[in-house]
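Below are the chains, spelled out letter by letter.
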Amino acid sequence: MAERTIIPFGPQHPVLPEPIHLDLVVEDEKVIEVIPSIGFIHRGLEKLVENRDYNDFTYVAERICGICSFIHGLTYCQAVEKVLNVTVPPRAEYLRLVWSELSRIHSHLLWLGLIADSFGFESLFMYSWKMREEVLDIIEETTGGRVIFGSAKVGGVRRNIEKDKLAEIQKRLDKLEHDLKSITNVFIEDASVKHRLCGVGVLSKEDAYHLGAVGPMLRASGVNQDVRVATYAKYKELDFVPMIESSGDSYARTIVRIREVYQSFELIRRTIKHMPDSEIDVKVTGMPTGEFCARNEQPRGEVVYYIKGNGTKFLDRLRVRTPTFANIPALLKVLPGSDLADVPVLVLTIDPCISCTER
Amino acid sequence: MSVLSKSPWVIHYDGSSCNGCDIEVLAALMPRFDVERFGIINTGNPKHADIFLITGSINEQNIGIVKNIYEQMPNPKVVLALGICATSGGIFKDCYNVYGGVDKVIPVDVYVPGCAVRPEAIIDGVVKALGILEKKREQDCGGNCSCSGEGAC
Ligand code: SF4
């Protein structure tokens, strides 16, 4: 029998932009068992709610993760608004939707680049990130920031996007959507890409469901679940349907994300078309009392914010359950039995975001 | 441009950042900003690196890793603290697991502000680091070799 060896993977590793540590128990080239250890980026920011004003905490919530920053801030605001019984004006809801979907496009393009990098397709990596810059330009022009937007606030949004600007954004997105075909076709059709992704890391429908996977990881295994259907009133008005694949391998996860990118373009198009005229924020008075659990669909999956207010301007408790955390059990399920060379690809297929997992 | 004639290699480590600064580091390597045109390459191996880019602050878990990477890098070396978190702890300064900026454990040569730090600022910081690297190289060599103190060795 072949000897067992433990190979440490991370925390500082070329394919990982962020530190996570895995002890890979291998027999020859096959992975037998995986032992994760996390906590390298733990900051302890949930406790900060105890001495930050609940309005100011939106900035901290946005900095839980620099990639889905807007949706983090937004979900926090939604939770506080619910506790305070604030109704957000319709235009603010639609603007939030535009920024959420722009975040999704930029996050998925970022991921497509990273996955290409993990199987050594450097030029594809470069092209994906080049296209991503176009989205970041739009974000920067409308919010002022490239990765941390700072445009969500309790009671609405901080900035408006004027009508002319929306029309211009629409034109640029149309062009980008067209240009994007040149790289997504490579992911879908290229033989060398398929060779690295097809049949790698298969997660069955039952496992995905029972291990509580979320986001594209879950949908690629054929489970129809997307929080956008359940919680956001506005997505219903836009005829949103989740993207599902059935094969459950790395290729399926890639396809789900690519289809979601195009879907986001379509959602933004419909949002811009139906954008109502109204105020963009309401005045917020009172102090949060009571508790609420807000859910939202991030590019990586479902995020849950639990808040508890005690009638003062400081909250009692904040708890965040982030998508990567929910996907780690699924990752540990697909790694054993895989080749050592496929480990980077598999780690990346859950789209790990360690800073939000550890907070 | 004489300092740019040498190609510094960088290594990047994410302390306890929110990711915002990290993706900007990667963005600086991408076609839009393209630091590779200066010969700057992102390497995963500390022994190949001249410049240490660090984002995020220092905490209990990563203190040893940051020191370890720093010690493995060959002399001369330059450390860049990217973003407010790496400079002082920034918005997370009051968190119980955050010790503060990177300069708590290793000497920092260039501080690059911003939250998130912009790719242009990163490039500016790296260009400043090149000057410092050159100076350190001259000091280290001290003229005991064939270059007679010009640092060309
Ligand atoms: S400086 Fe800002 S963007 Fe950078 S890691 Fe810190 S919180 Fe994130």
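Residues numbered from 1 in each chain as written. Chains lettered and ligands numbered in written order. Predicted model: local features only at pLDDT ≥ 70, side-chain atom pairs only at ≥ 80, totals over all residues. Heavy atoms only, no water.

Novice: I'd like to hear about the overall build of chain B, residue by residue, with values.
Specialist: The helix and strand tally for chain B stands at 4 helices and 7 strands. Scored against the burial criterion, the 153 residues of chain B give a buried share of 55%. The long-range share in chain B, meaning contacts at least 24 apart out of those at least 6 apart in sequence, stands at 77%. A total accessible area of about 6,300 Å² is found for chain B, and carbon and sulfur atoms account for 51% of it. (Helix = DSSP H or I, 4+ residues; strand = E, 2+ residues; numbered from the N terminus. Buried < 20%, exposed > 50% of the residue type's maximum accessible area, 1.4 Å probe, protein only. Contact = heavy atoms within 4.5 Å. Areas by Shrake-Rupley, 256 points an atom, 1.4 Å probe, with all protein chains shown as cover.)

Novice: Give me the sheet that holds strand β2 (residues 21-27) of chain A: which residues, what numbers.
Specialist: All names here are of chain A. A sheet is described by the order of its strands in space; here 3 strands give the open sequence β1-β2-β3, paired in antiparallel fashion. Every other strand in the sheet has two partners, leaving β1 (4-9) and β3 (30-37) as the edge strands with one partner each. Averaged over all adjacent pairs, the angle separating strand axes in this sheet is 25°, with direction ignored. Where β2 meets β3, 7 bridges bridge the pair, whose relative direction is antiparallel. Bridge pairing links aspartate 23 to isoleucine 35 in β3. (Pairing = 2+ DSSP bridges. Axes fitted to C-alpha atoms, helices over the stretch in contact; angles between N-to-C directions.)

Novice: Now, about helix α12 (residues 323-334) of chain A: what can you tell me, with residues and values included?
Specialist: Taking 1.5 Å per residue as the helical rise, α12(A) with its 12 residues ought to reach 16 Å, and the 17 Å between its terminal C-alpha atoms agrees with that figure. Looking at α12(A), one finds that the buried residues are A:Pro323, A:Thr324, A:Ala326, A:Asn327, A:Ile328, A:Ala330, A:Leu331 and A:Val334. (Expected span 1.5 Å × (residues − 1).)

Novice: Please set out the pairing of strand β6 (residues 289-298) of chain A residue by residue, giving values where relevant.
Specialist: Residues and elements named next belong to chain A. In terms of strand pairing, β6 meets strand β7 (residues 301-310) through 10 bridges, oriented antiparallel. Within β7, the residue paired with asparagine 296 across the bridge is valine 303. The antiparallel hairpin formed by β6 and β7 contains 2 residues in its connecting segment.

Novice: Before we move on, can you summarise the pairing of β7(A) with the specific residues and values?
Specialist: Extensive coverage of β7(A) is indicated by the burial of 7 of its 10 residues. Hairpin connection of β7(A) to strand β8 (residues 315-321) of chain A: 4 residues between the antiparallel strands, including A:Gly311 at a positive phi of 85°.

Novice: Before we move on, can you summarise the sheet that holds strand β7 (residues 110-112) of chain B with the specific residues and values?
Specialist: Backbone-to-backbone hydrogen bonds join strands into a sheet, with any given pair of strands oriented parallel or antiparallel. Residues and elements named next belong to chain B. The parallel open sheet is built from 5 strands, whose spatial order is β2-β1-β3-β5-β7. The sheet terminates laterally at β2 (41-42) and β7, the two strands that pair on one side only. Pairing of strand β5 (residues 78-82) with β7, which is carried by 3 bridges, proceeds in the parallel orientation. Looking across to β7, one finds that leucine 80 is bridged to valine 110. Across the face of the sheet, helix α1 (residues 20-28) comes into contact with β1 (9-14), β2, β3 (51-55) and β5 while running at roughly 145° to β3.

Novice: Break down the environment of B:Val127 for me, citing the residues and quoting the values.
Specialist: Assignment of secondary structure puts B:Val127 in helix α4 (residues 119-141). Taking the C-alpha atoms as reference points, B:Val127 and B:Phe38, separated by 89 residues in sequence, lie 9.4 Å from one another.

Novice: Describe the interface of chain A and chain B, with residues and values.
Specialist: Taken together, the contact between chain A and chain B spans 40 residues of the former and 39 residues of the latter. For the pair chain A and chain B, the summed buried area comes to about 3,300 Å², and 63% of that belongs to carbon and sulfur atoms. Where chain A packs against chain B, one counts 3 salt bridges. Put simply, A:Arg52 and B:Asp94 hold a salt bridge, and the shortest N to O gap is 3.2 Å. Applying the counting criterion to the chain A and chain B interface returns 7 residue pairs in polar contact (both at pLDDT 80 or more). Put simply, the parts of the chain that give the side of chain A that touches chain B at least two residues each are α1 (57-62), α3 (90-118) and α4 (122-143) of chain A. Here the side of chain A that touches chain B takes 9 residues from α4(A), the largest share from any one element. Along the lines of polarity and charge, the residues of the side of chain A that touches chain B split into 22 nonpolar, 6 polar and 12 charged. (Buried area = accessible area lost by both parts, 1.4 Å probe. Salt bridge = Lys/Arg side-chain N within 4 Å of Asp/Glu carboxyl O. Polar contact = N/O pair within 3.5 Å; in protein donor to acceptor, adjacent residues only side chain to side chain. Nonpolar A, V, L, I, M, F, W, Y, C, P; charged D, E, K, R; others polar.)

Novice: Please set out the side chain of B:Thr55 residue by residue, giving values where relevant.
Specialist: All names here are of chain B. As for its position among the elements, threonine 55 is in strand β3. Residue class for threonine 55 comes out buried when judged on its relative accessible area of 0%. A polar contact of 2.7 Å, which involves the side chain of threonine 55, links it to the side chain of aspartate 22. Those residues within four positions of threonine 55 in sequence are excluded, and the remaining contacts are His12, Tyr13, Asp14, Gly15, Ser16, Ser17, Cys21, Asp22, Val25, Leu82 and Ala86.

Novice: A description of the nonpolar core should follow, citing residues and the corresponding values.
Specialist: With 118 residues, the main nonpolar core has A:Phe57, A:Tyr76, A:Leu102, A:Trp129, A:Phe187 and B:Leu80 as its most contacted residues. Counting residues per element, this core draws most heavily on α3(A), which supplies 15 residues. The residues contacting A:Leu102, other than those within four sequence positions of it, are A:Val135, A:Ile138, A:Ile139, A:Leu173 and A:Ile268. Judged by nonpolar contacts, the second largest core, of 42 residues, contains A:Leu203, B:Tyr13, B:Ile69 and B:Val102. (Core = buried A, V, L, I, M, F, W, Y, C linked by side-chain atoms within 4.5 Å.)

Novice: For the environment of A:Tyr306, give the residues involved together with the corresponding values.
Specialist: All names here are of chain A. The topology assignment puts tyrosine 306 in strand β7. In this structure, the C-alpha to C-alpha distance between tyrosine 306 and tyrosine 76, residues 230 residues apart in sequence, is 8.5 Å. Residues contacting tyrosine 306, with those up to four places away along its chain left out, are Glu291, Phe292, Cys293, Arg317, Leu318 and Arg319. Within the structure, the side chain of tyrosine 306 is placed 2.2 Å from the side chain of glutamate 291, a separation counted as a polar contact.

Novice: Now, about the packing of aromatic side chains: what can you tell me, with residues and values included?
Specialist: Residues and elements named next belong to chain A. The final tally for this structure, using the stated rule, is 5 aromatic pairs over all chains. Arranged with centres 5.8 Å apart and planes meeting at 75°, the rings of phenylalanine 125 and tryptophan 129 form a pair that is edge-to-face. Here phenylalanine 125 and its partner tryptophan 129 are both found in helix α4, 4 residues apart, which amounts to about one turn of the helix. What makes phenylalanine 125 buried here is its relative accessible area of 7%. You can call tryptophan 129 buried: its relative accessible area is 0%. In textbook terms, an aromatic cluster arises when at least three aromatic residues are bridged by ring pairs, as seen for Phe70, Trp99 and Phe149. Its guanidinium or amino end placed over the ring of tryptophan 129, arginine 132 lies 4.8 Å from that ring's centre, counting from NZ or CZ. (Phe/Tyr/Trp six-rings, centres within 6.5 Å; stacked < 30°, edge-to-face > 60°. Lys NZ or Arg CZ within 6 Å of the ring centre and 35° of its normal.)

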